[in-house]
Amino acid sequence: MEISEPVPIYSSCAQAEKNDDLIQYLIFKFRKTKEKYGLFGISLLIISVISIIVGIYISYVFFSKISTSVRLIENGEKINEQLTGVIGDFVGGIVGTIWSFAGVILFFLALRLQSRELSLQLEELKDTREVFQSQQFENTLFNLLKNHNEIRLNTEIKHKSFNSSTQSNETTYTRGNAAFEEIKDFFIEEKSNLEDNLKKSKKAEESINETTEDKYWTKDRSEKFLEKFEKHYTITYDKLKHKPELNSKVVFKLTYSNFNSQLSHYFRNIYHILLYIRENEESELSSILVSEMRGKKIGIYINKENVEVSRIKNKYKKYSQFLQAQMSNTELLLLFYNALFFPKAKKLVQYYDQYQDNFELIPKSSLKSRDEIMEI
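What counts, and at which threshold
- Residues numbered from 1 in each chain as written.
- Predicted model: local features only at pLDDT ≥ 70, side-chain atom pairs only at ≥ 80, totals over all residues.
- Heavy atoms only, no water.
- Helix = DSSP H or I, 4+ residues; strand = E, 2+ residues; numbered from the N terminus.
- Buried < 20%, exposed > 50% of the residue type's maximum accessible area, 1.4 Å probe, protein only.
- Contact = heavy atoms within 4.5 Å.
- Areas by Shrake-Rupley, 256 points an atom, 1.4 Å probe, with all protein chains shown as cover.
- Phe/Tyr/Trp six-rings, centres within 6.5 Å; stacked < 30°, edge-to-face > 60°.
- Core = buried A, V, L, I, M, F, W, Y, C linked by side-chain atoms within 4.5 Å.
- Axes fitted to C-alpha atoms, helices over the stretch in contact; angles between N-to-C directions.
- Parallel < 35°, antiparallel > 145°, perpendicular 65-115°, else oblique.
- Nonpolar A, V, L, I, M, F, W, Y, C, P; charged D, E, K, R; others polar.
- Salt bridge = Lys/Arg side-chain N within 4 Å of Asp/Glu carboxyl O.
- Left-handed = near helix turned anticlockwise from the far one by under 90°.
- Polar contact = N/O pair within 3.5 Å; in protein donor to acceptor, adjacent residues only side chain to side chain.
- Patch = residues over 30% accessible without salt bridge, like charges linked within 9 Å, V, L, I, M, F, W, Y side chains within 5 Å.
- Lys, Arg positive; Asp, Glu negative; His and termini not counted.
- Charge placed at Lys NZ, Arg CZ, Asp CG, Glu CD.
- pLDDT = per-residue confidence, 0-100.

**Notes on the overall build of the protein**
- A count of helices and strands for the protein gives eleven helices and six strands.
- By the burial criterion, 30% of the 376 residues in the protein qualify as buried.
- Residue pairs at least 24 apart in sequence account for 68% of intrachain contacts in the protein once pairs closer than 6 positions are excluded.
- If you sum the accessible surface of the protein, you get close to 26100 Å²; carbon and sulfur atoms cover 55% of it.

Written out as structure tokens, the structure reads:
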């Protein structure tokens, strides 16, 4: 009795692994082809291959049949032109038409593939352009921030004093953060002075109206005090009494007038930095919205908020925070009050951050221009 040798188990396992590898390879190739041509393109490619095979098969069958029943050369090696013409008409009319159809399909697929590759190249160029524009924007922004820091450090206040020991005039300078601290101190001092003068003006008005028994405030003294008040603050006490929201504007106007050469350049630079950020943000947002309207991009919404729009806004908000990070609390305080006078600056400041200050509750500014500011 013969005993057959057992088939090694590892050989069957190896064969199964090879089959799995082949299946995985075919699946991979199919996915790559699908990604390249699409289902419609694969269908056309299959049709063109079938057309070529059918043309070859018809040609093979035709020439196999005709070779056993027809001779093309007869009577002294002369070709039968009539017969060859019939054969040529058949091959050209049927096989040629099938192959022409396959050629048209392949040509269409080539154009379709070329168009897709061109579209991908355009997308890559667009992405490259966006990256370049983003880098260009950031380079310009950080140069502006660097320039802003230099303006802050170079801000100086000149002080002239007389030295009794040397009997000569001396000039000293306060620069950088110390200069802004001095401007803030001046602002706070003027606010305190205004509050005191408002109380005195109230007593002066009561004296004129004969509603007070304070003997210090005579009618003549009261009238002179109110005239000096109006001349100093360029606004009447009566107007401030009915519009207390103008108090801060009056104080800052005095501060701005006294330190005009320092503050005008500083705040003008901040304005243009914020304007540069906002213009780029609006340009990018409009580009996204136009693409969605034209169907080039699909807007994704979470909690009724466009994800791409939110991403852009957050990105540019961080840019504005870079500017805020360069500023001290004193500078932010002065920026807050400066925004009361200039509507354009106020719009940009509030567009990115709502600055809160416990120093005083400030309503919206109703002043329209710098000329009007000086004519309060």
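That was the structure; now back to the text.
**Re the packing of aromatic side chains**
- Tallied over the entire structure, the rule returns 17 aromatic pairs.
- When the ring of Phe252 is compared with that of Tyr256, the centres are 6.1 Å apart and the planes differ by 45°; the resulting orientation is tilted. Taken together, the residues span about one helical turn, with Phe252 and Tyr256 both in helix H6 (residues 247-258) at a distance of four residues. With respect to class, Phe252 is no different from Tyr256; both count as buried.
- Seen from their ring centres, Tyr316 and Tyr319 are 5.5 Å apart, and the 70° between their planes marks the pair as edge-to-face. Of this pair, Tyr316 and Tyr319 both sit in helix H8 (residues 307-325), three residues apart, roughly one helical turn. Tyr319 carries the same exposure label as Tyr316, and that label is buried.
- Taken together, the aromatic side chains of Phe137, Phe142, Tyr276, Tyr316, Tyr319 and Phe322 make up a single cluster linked through ring pairs.

**Remarks on the nonpolar core**
- With 48 residues, the main nonpolar core has Leu240, Phe252, Phe267 and Ile270 as its most contacted residues.
- Residues within four places of Leu240 in sequence aside, it is in contact with Leu194, Leu198, Phe229, Ile235, Leu246, Asn247 and Val250.

**Side note on helix H9 (residues 329-341)**
- Counting buried positions along H9 yields twelve of 13 residues, so the element is predominantly enclosed.
- Buried residues of H9: Thr330, Glu331, Leu332, Leu333, Leu334, Leu335, Phe336, Tyr337, Asn338, Ala339, Leu340 and Phe341, and no others.

**Here's the deal with the packing of helix H7 (residues 260-293) against H9**
- Contact pair H7 / H9: the axes reach a minimum separation of 12 Å and the direction vectors enclose 80°. Relative to H9, the element H7 is oriented roughly perpendicular. Contacts between H7 and H9 involve Tyr266, Phe267 and Ile270 from the former and Glu331, Leu334, Leu335 and Asn338 from the latter.
- Considered class by class, the residues forming the contact of H7 with H9 number five nonpolar, one polar and one charged.

**Notes on the pattern of salt bridges**
- Within this structure, the stated rule accounts for eleven salt bridges.
- A salt bridge links Lys184 to Glu181, with the nearest nitrogen and oxygen atoms 3.5 Å apart. Note that Lys184 and Glu181 are positioned in helix H3 (residues 177-208) at a spacing of three residues, about one turn of the helix.
- On the basis of relative accessible area, Glu181 is assigned to the partly exposed category, the value being 33%.

**Some thoughts on the packing of H3 against H6**
- It is the contact of H3 with H6, at a shortest axis distance of 9 Å, that shows an interaxial angle of 135°. Looking at the two axes, H3 sits oblique to H6. Like other packed secondary-structure pairs, H3 and H6 cross with a definite hand, here right-handed. Contact residues: H3 offers Ile183, Phe186, Phe187, Glu190, Lys191, Leu194 and Leu198, while H6 offers Asn247, Ser248, Val251, Phe252, Leu254, Thr255 and Asn258.

**A closer look at the side chain of Lys253**
- Positionally, Lys253 belongs in helix H6.
- At 3.2 Å, the side chain of Lys253 and the backbone oxygen of Tyr233 are in polar contact.

**Points about unusual backbone geometry**
- Positioned with a positive phi, Thr234 is a non-glycine residue whose angle comes to about 55°.
- Here Thr234 lies in the loop between helix H4 (219-233) and helix H5 (237-242).
- Thr234 sits in the partly exposed class, given a relative accessible area of 34%.

**A few points about a negative patch on the surface**
- Among the surface-exposed residues, Glu123, Glu124, Asp127 and Glu130 lie close enough to one another that they form a single negatively charged patch.
- Mapped onto the elements, Glu130 comes out in helix H2 (residues 81-154).
- Judged by relative accessible area, which is 36%, Glu130 ranks as partly exposed.

**Let's talk about the confidence of the model for the protein**
- Overall, the prediction assigns the protein a mean pLDDT of 78, with 79% of residues at 70 or greater.
- Helix H11 (residues 370-373) is the least confidently modelled element of the protein, averaging 40 in pLDDT, while H3 averages 92, the highest of any element.
- Scored below 50 in pLDDT, residues 353-376 makes 54 contacts in the model with residues more than four places away or belonging to other chains.

**A look at the side chain of Asn338**
- By the secondary structure assignment, Asn338 is in helix H9.
- In this view, Asn338 contacts Phe252, Tyr256 and Phe267; residues no more than four positions away in its chain are not counted.

**A closer look at the environment of Ala339**
- In this fold, Ala339 is placed in helix H9.
- On the accessibility criterion, Ala339 (6% relative accessible area) is buried.
- Note: C-alpha distance between Ala339 and Gln350 (eleven residues apart in sequence) is 8.9 Å.

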